[in-house]
Amino acid sequence: MIRTDPPTPDLFRTPVEEVFIRNHLGPHPRLDPASWSLTVEGLVERPLRLDLPTLRGLPQTRFTAVHECFGNPLHPTVPTRAVTNLEWAGVPLAAVLELARPRPEARHVWLEGADSGDFAGESGVSYLKDLPLDEAAAEVVLAHGMNGEPLRPDHGYPLRAVAPRMFGTNSVKWLTRIVLAADRPDHLFTTRLYTRVLPGESESRPVREKDVNSKLLTPGDGCSVPAGSLELAGYAWSSTEVTSVEVAVDDTDWQPAALDRRGPDPAWQRFRLRYELAPGPHRVRCRATDSAGRVQPLAGDRNAVHEIHVVAEPGTRPTDR
Ligand SMILES: Nc1nc2c(c(=O)[nH]1)N[C@H]1C(S)=C(S)[C@@H](COP(=O)(O)O)O[C@H]1N2
Ligand SMILES: [Mo]
């Protein structure tokens, strides 16, 4: 499937129209909200079948989080920076688990969507992901709203999982089944794809927590700008708080940018640096560090430093800058 991502606009909250769409198994399933239901089964004291009105009657939560695609799982080190920042509304998974009462042997939560199809040479596969029970109970939200409107069909209507600190692949759309289990599921999207060996580790692990990363959004890549003083800005994010962002123009040293604090939600953080840009072509790079001490690598991985190219035009400097 060939498609280009919509550009990331330089706004704190990404408009729904600009959010990338990632469907591994073909076009989105058409689900009728009247007959749709979510089952909770496996190692639970009380198996459940929940309809939408019942879910809407449970405690609700609303928060803003970075929504980032890990990238093509067949090319796990290629940077895509397909990233947005969205406000989600839904029911904490914990509220549903409280009703279902997981048995003591339950260790993992499997989340399955209604879509099925072919991917990476396998046919008739479903979209299935899993998380450790304690992590899922602490973070996963069963979302029905995005940016104050009902989820659109492409984004998982009527209900999807959202794992706010994790890559988008974990946020199962068109959610219809939750299974509590003692083990991880052996499946295309859990154990065969979406696993990786992190720097400094020898064992491969599932793609879950987001990497430290950043993206320069102003000025836009490939743009002409007036030479002189201008703001270089964008967003940085990680599974934890980002603690610093540095910017480098051409081959000068890394300079610390001003950085907003993250706040209680796992949203992205704005960085900015005012810079005197001489006339001519320039390469601008940004590099984030998070509270876990992780730093974006210069090259070779999916979160390598982001770089843009701009041309500063002489004599076009507006007076209001
Ligand atoms: N059921 C289902 N859920 C899914 C997917 C999918 O193909 N099927 N793609 C995943 C991937 S890889 C990403 S990045 C996000 C994308 O969510 P979006 O299309 O709403 O932006 O959904 C995830 N959840
Ligand atoms: Mo993705």
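Residues numbered from 1 in each chain as written. Chains lettered and ligands numbered in written order. Predicted model: local features only at pLDDT ≥ 70, side-chain atom pairs only at ≥ 80, totals over all residues. Heavy atoms only, no water.

(A) How the structure looks around the overall build of the protein chain. Counting its secondary structure elements, the protein chain contains four helices and 21 strands. Taken over C-alpha atoms, the radius of gyration comes to 21 Å for the protein chain, in line with the 20 Å a tight globule of 321 residues would show. Dimensions along the principal axes, computed over C-alpha positions, put the protein chain at roughly 70 × 45 × 35 Å. Expressed as a percentage of its 321 residues, the buried residues of the protein chain come to 53%. In the protein chain, once contacts between residues fewer than 6 apart in sequence are set aside, the share between residues at least 24 apart is 70%. (Helix = DSSP H or I, 4+ residues; strand = E, 2+ residues; numbered from the N terminus. Rg over C-alpha atoms; globule rule 2.2 N^0.38 Å. Buried < 20%, exposed > 50% of the residue type's maximum accessible area, 1.4 Å probe, protein only. Contact = heavy atoms within 4.5 Å.)

(B) Here's a closer look at the sheet that holds strand E2 (residues 48-50). Strand order in the open sheet formed by five strands is E2-E1-E10-E5-E6, with mixed pairing between adjacent strands. If you trace the sheet from one side to the other, it starts and ends with E2 and strand E6 (122-132), each paired once. Each neighbouring strand pair of the sheet contributes to a mean axis angle of 25 degrees, computed without reference to strand direction. Note: strand E5 (residues 108-119) against E6, eight bridges, orientation antiparallel. Note that in E6 the partner of phenylalanine 119 across the bridge is glutamate 122. (Pairing = 2+ DSSP bridges. Axes fitted to C-alpha atoms, helices over the stretch in contact; angles between N-to-C directions.)

(C) Representation of the site of ligand 1 in the model. Neighbouring ligand 1 are 19 residues; Phe20, Asp115, His155, Arg160 and Lys173 lie closest to it. Within the contact set of ligand 1, an oxygen atom lies 2.8 Å away from a side-chain nitrogen or oxygen of histidine 67. Here an oxygen atom of ligand 1 and a side-chain polar atom of histidine 155 are 2.6 Å apart. In isolation ligand 1 has 530 Å² of accessible area, and contact with the protein removes 100% of it. A majority-of-atoms criterion places ligand 1 in the largest cavity. Per-class residue counts for the shell around ligand 1 are eight nonpolar, seven polar and four charged. (Near = heavy atom within 4 Å. Polar contact = N/O pair within 3.5 Å; in protein donor to acceptor, adjacent residues only side chain to side chain. Areas by Shrake-Rupley, 256 points an atom, 1.4 Å probe, with all protein chains shown as cover. 1 Å grid on protein atoms, 1.4 Å probe; cavity = no way out; pocket = protein on both sides within 12 Å on 5 of 7 lines; lining within 4 Å. Sits in = over half its atoms within 2 Å of the grid points. Nonpolar A, V, L, I, M, F, W, Y, C, P; charged D, E, K, R; others polar.)

(D) A look at the layout of surface pockets. Here the second largest pocket defines a volume of roughly 390 Å³. If you go around the second largest pocket, you meet 18 residues; those closest to its centre are Arg196, Leu198, Pro199, Asp211 and Arg294. Its residues placed into classes, the lining of the second largest pocket shows eight nonpolar, one polar and nine charged. (Points joined across faces, edges and corners; volume = space filled by probe spheres on them.)

(E) The pairing of strand E20 (residues 280-290), seen in detail. Taking burial as the measure, the eleven residues of E20 include nine buried ones, the bulk of the element. Relative to E20, strand E16 (residues 242-249) runs antiparallel, the two sharing seven bridges. Residue pairing across strands places valine 247 opposite cysteine 286, the latter belonging to E20. Bridging between E20 and strand E21 (residues 306-313) involves seven bridges; their strand directions are antiparallel.

(F) Examining the domain arrangement of the protein chain more closely. When the domains of the protein chain are assigned, the result is domain 1 (16-206) and domain 2 (213-320). Relative to domain 2, the C-alpha centre of domain 1 lies at a distance of 32 Å. Facing 19 residues of domain 1, the contacting portion of domain 2 comprises 17 residues. With both chains or domains summed, domain 1 and domain 2 bury close to 1,500 Å², and 53% of this area falls on carbon and sulfur atoms. (Domains from an automatic or database assignment. Buried area = accessible area lost by both parts, 1.4 Å probe.)

(G) Region of the structure containing the packing of aromatic side chains. Per the counting criterion, the structure on display carries six aromatic pairs. A ring pair is formed by tyrosine 127 and phenylalanine 189, whose centres lie 4.8 Å apart and whose planes are at 35 degrees; its orientation type is tilted. Separated by 62 residues along the polypeptide, tyrosine 127 in strand E6 and phenylalanine 189 in helix H4 (residues 188-192) bring together distant segments of the chain. A relative accessible area of 9% places tyrosine 127 in the buried class. Centre to centre, the rings of tyrosine 235 and tryptophan 268 are 4.3 Å apart; their planes meet at 10 degrees, and the pair counts as stacked. (Phe/Tyr/Trp six-rings, centres within 6.5 Å; stacked < 30°, edge-to-face > 60°.)

(H) Representation of the environment of leucine 111 in the model. Its place among the elements puts leucine 111 in strand E5. We classify leucine 111 as buried; its relative accessible area is 1%. Between the C-alpha atom of leucine 111 and that of leucine 86, which follows or precedes it by 25 residues, the distance is 21 Å. With sequence-adjacent residues up to four places away left out, leucine 111 is seen in contact with Tyr127, Leu128, Lys129, Ala161, Asn170, Val172, Leu175, Arg177 and Ile178.

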